[in-house]
Amino acid sequence: METRLHPRFENDPAARIAEDALRACVHCGFCNATCPTYQEQGDELDGPRGRIYQIKQVLEQGEGNASTRTHLDRCLTCLNCMTTCPSGVDYNHLVAFGREVVEQDCPRPFRERLLRGLLLRALPSRWPFRAALGLGRLARPLLPPGLRRRIPARRIPARRRPARGAPAPTHQRAPGFEHGRVLLLDGCVHDALDARINAALRQLLAARGIEVVSVAAAGCCGAVEHHLSAQARTRQRLRRNLDAWQAELTRGVDAVVSTASGCGVMLRDYGHLLADDPAYAERAAAFSAQVRDPVELFDDDAIRGLGIRAPDGHPPVAWHAPCTLQHGQGLAGRVEPLLQAAGFRLVVVNEPHLCCGSAGTYAITQPELSGRLRQRKLEHLEAATPGRIVTANIGCQTHLQSGTETPVEHWLTLLARHCP
Ligand code: SF4
Ligand code: SF4
């Protein structure tokens, strides 16, 4: 698509990247067919092609407008359109740039500023989030059912918490792990919402002779600030995290992992987001190259070698692939064989490519659209009445759980529970 940058953006490296993405788009509209918001709204402006066109106008006219902001706000950043696009349009970085411009140019109404300000402060900080969650638990009986199911009745503790540090000496180190250790991002809300997930990864890796290290000083991966278009805060957090992890990275790790696929996407983007920072660019790129999702640390043989077996008569399981795993990290179809290697039966799920509506803070900032997408997703997941739903991202887990009585959990906790 031919684009002429407004002089305001001529010397902006991020605008140049956005311009490249615009040029790559041939306006074919294939992406509309797989875009959840286009499917729900039926409006060209709420599909990827329409959003790309609106960003093009902003780049050419030199200023954002409130209408474009509304349609960009409705985008889930699920990146389904990138998987579909035959021209390789980098929608992810294009929409991030478009959002940054409209955020600067169009001040939001007071209520939106208040909500976004609260999210920016509470979510990435462990203690304010825990305090808010504690209050939510107290008020739980008074809350509407959807919100009530989003808040666990009690803290879900880790089932088995292997000692931090090196695995027991009897465990033989799995082949392919040169250093025998991985760096785990503990995350901001993960342990407060479901402490079993990180503990499950520690347990399964310890059984393979792999040490899991983490650094308490490293906080949220930065996704919350990034999704809320607070780019200066995002970069500040990325630098702080890299500094906090530096000592462990220097000692050597085989991978950097997060049990939330949403955080994994963010960690893989550190190199891009700090590319213009001379002090951090190289370190950030090297860091991002080491990021792996937990599914990349296991294969069928590893699952069988650990002796994980589904008990006889275990009800079938519905797998929900988070967008951040299948579109953001390109790891579609990787978890299912591991579950099957352990003997779990999987039900067939329609529209597996579509987002469940969780999408970071989207469920809070766009509750109506998010609720419709959750309903649509749950109808497909529950069509064959599975005994449980499994996924790979704490955000999808809590969001789906808020709409159903069927238990929803992380695939790691399901496997760890049946690991002898
Ligand atoms: S599929 Fe790709 S090239 Fe076609 S309109 Fe969508 S983004 Fe543009
Ligand atoms: S990221 Fe998702 S919601 Fe946004 S335009 Fe692409 S497919 Fe649609």
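Our structure's up above, just so we're on the same page.
With that out of the way, let us pick up the packing of aromatic side chains. In the structure shown here, the tally under the stated rule is 5 aromatic pairs. Here the aromatic rings of Phe 9 and Phe 97 are separated by 5.7 Å at their centres, their planes lie at 75 degrees, and the arrangement is edge-to-face. Of this pair, Phe 9 sits in the segment before α1 (13-24) while Phe 97 sits in helix α6 (residues 91-105); the two residues are 88 residues apart in sequence, bridging distant segments of the chain. A residue is classified by how much of its surface remains accessible, and Phe 9, at 3% relative accessible area, is buried. The interplanar angle of 35 degrees and the centroid separation of 5.1 Å between the aromatic rings of Tyr 270 and Phe 287 together place this pair among those described as tilted. Residue Tyr 270 is found in helix α15 (residues 270-273), and its partner Phe 287 is found in helix α16 (residues 281-289); the two are separated by 17 residues along the sequence. Each member of the pair, Tyr 270 as well as Phe 287, is classed as buried. Three or more aromatic residues joined by ring pairs make a cluster, and in this case those are Trp 245, Tyr 270 and Phe 287.

Next up on the list: the site of ligand 1. Taken together, Cys 25, Val 26, His 27, Cys 28, Gly 29, Phe 30, Cys 31, Ile 52, Cys 85, Pro 86, Ser 87 and Val 89 form the complete shell of residues around ligand 1. Residues belonging to the shell around ligand 1 are distributed by class as follows: 9 nonpolar, 3 polar and no charged.

Here the focus is helix α3 (residues 48-61). Over its 14 residues, α3 extends 20 Å from the first C-alpha to the last, a length consistent with the 20 Å expected when each residue adds 1.5 Å. Within the sequence span of α3, burial applies to Pro 48, Gly 50, Arg 51, Ile 52, Gln 54, Ile 55, Lys 56, Val 58 and Leu 59. Those residues of α3 that are buried lie in contact with α1, α2 (36-41), α4 (66-73), α5 (80-84) and α6. Gly 62 occupies a position one or two residues after α3 and carries a positive phi of about 90 degrees.

A word on the nonpolar core. One finds Val 182, Leu 204, Phe 298, Trp 411 and Leu 415 to be the most contacted residues of the largest nonpolar core, which totals 39 residues. Elements with a contribution of two residues or more to this core: β1 (181-184), α11 (196-207), β3 (255-257), α17 (300-305), β5 (317-319), α19 (335-341) and α23 (411-417). Residue contributions to this core peak at 5 residues, all from α23. Taken together, domain 2 (181-296) and domain 3 (305-417) each give at least three residues to this core, which thus spans both. When near neighbours in sequence (up to four residues on either side) are disregarded, Val 182 contacts Phe 177, Leu 205, Ile 210, Glu 211, Val 212, Val 213, Val 253, Ala 255, Val 257 and Leu 297. Formed by 36 residues, the second largest nonpolar core is a distinct cluster that contains Ala 218, Cys 221, Ala 223 and Leu 274.

Moving on, we come to the sheet that holds strand β7 (residues 408-410). Sheet architecture is open: 3 strands sit in the order β5-β6-β7, paired in parallel fashion. The two strands at the open ends of the sheet, each matched to only one other strand, are β5 and β7. Direction aside, the axes of adjacent strands within the sheet are offset by 35 degrees on average. The pairing of β5 with strand β6 (residues 388-391) spans 3 bridges and is classified as parallel. The residue of β6 that forms the bridge with Ala 318 is Ile 389.

Any two side chains of opposite charge can pair if their charged atoms end up close together. Taken as a whole and judged by the stated rule, the model has 28 salt bridges. We note a salt bridge from Arg 108 to Asp 73, for which the minimum N-O separation is 2.9 Å. Within this pair, whereas Arg 108 is found in the loop between α6 and α7 (110-122), its partner Asp 73 is found in helix α4, the two being separated by 35 residues in sequence. Relative accessible area serves as the criterion here: at 5%, Arg 108 is assigned to the buried category. Ionic pairing is found between Arg 283 and Asp 243, a salt bridge with its closest N-O pair at 2.9 Å. Taken as a pair, Arg 283 in helix α16 and Asp 243 in helix α13 (residues 231-251) lie far apart in primary sequence, 40 residues in all. Note on Arg 283: relative accessible area 29%, which makes it partly exposed.

Relative to the helices and strands, Ala 289 is located in helix α16. Under the relative-accessibility criterion, Ala 289 is labelled exposed at 52%. Taking the C-alpha atoms as reference, Ala 289 lies 8.9 Å from Ala 255; in sequence the two are 34 residues apart.

Bringing the side chain of Arg 376 into the picture now. Tracing the backbone shows Arg 376 in helix α21 (residues 367-381). Contacts of Arg 376, omitting those with residues within four sequence positions, involve Gln 39, Glu 40, Glu 351 and Leu 354.

Conventions used here
- Residue positions are given per chain, counting from 1 as you read along its sequence in written order.
- The order in which chains are written sets their letters, starting at A; the order in which ligands are written sets their numbers, starting at 1.
- Totals for whole chains, interfaces and linings use all residues, but because this is a predicted model, local features are given only for residues with pLDDT of at least 70 and pairs of side-chain atoms are given and counted only at 80 or more.
- To get the side-chain values, all heavy atoms of the structure are used, and hydrogens and water are removed first.
- Two aromatic rings, drawn from Phe, Tyr or Trp (for Trp, its six-membered ring), form a pair once their centres lie within 6.5 Å of each other, and the interplanar angle then sorts them: stacked below 30 degrees, edge-to-face above 60, tilted otherwise.
- Only DSSP runs of H or I with at least four residues qualify as helices, and only runs of E with at least two residues qualify as strands; both kinds are numbered from the N terminus onward.
- Exposure categories follow from relative accessible area, calculated using a 1.4 Å probe and restricted to protein chains: below 20% of the type maximum is buried, above 50% is exposed, and the middle band is partly exposed.
- Think of it this way: one heavy atom of a residue within 4 Å of a molecule or strand is enough to make that residue near it.
- Three residue categories are used. Nonpolar comprises Ala, Val, Leu, Ile, Met, Phe, Trp, Tyr, Cys and Pro, charged comprises Asp, Glu, Lys and Arg, and polar comprises the others, including Gly.
- Here a helix's expected span is defined as the number of its residues, less one, multiplied by 1.5 Å.
- Between two residues, a contact is recorded if the distance between any of their heavy atoms is within 4.5 Å.
- The criterion is simple. A nonpolar core is a set of buried Ala, Val, Leu, Ile, Met, Phe, Trp, Tyr and Cys residues joined through side-chain atoms within 4.5 Å.
- As used throughout, domain bounds are those supplied by an automatic or database domain assignment.
- For two strands to pair, DSSP has to find at least two bridges joining them.
- For helices, the axis comes from a line fit to the C-alpha atoms of the stretch in contact; other axes are also lines fit to C-alpha atoms, and the angle between any two N-to-C directions lies between 0 and 180 degrees.
- Every case where a carboxyl oxygen of Asp or Glu lies within 4 Å of a side-chain nitrogen of Lys or Arg is listed as a salt bridge.

Interpretation in functional terms is not warranted from these geometric data alone.
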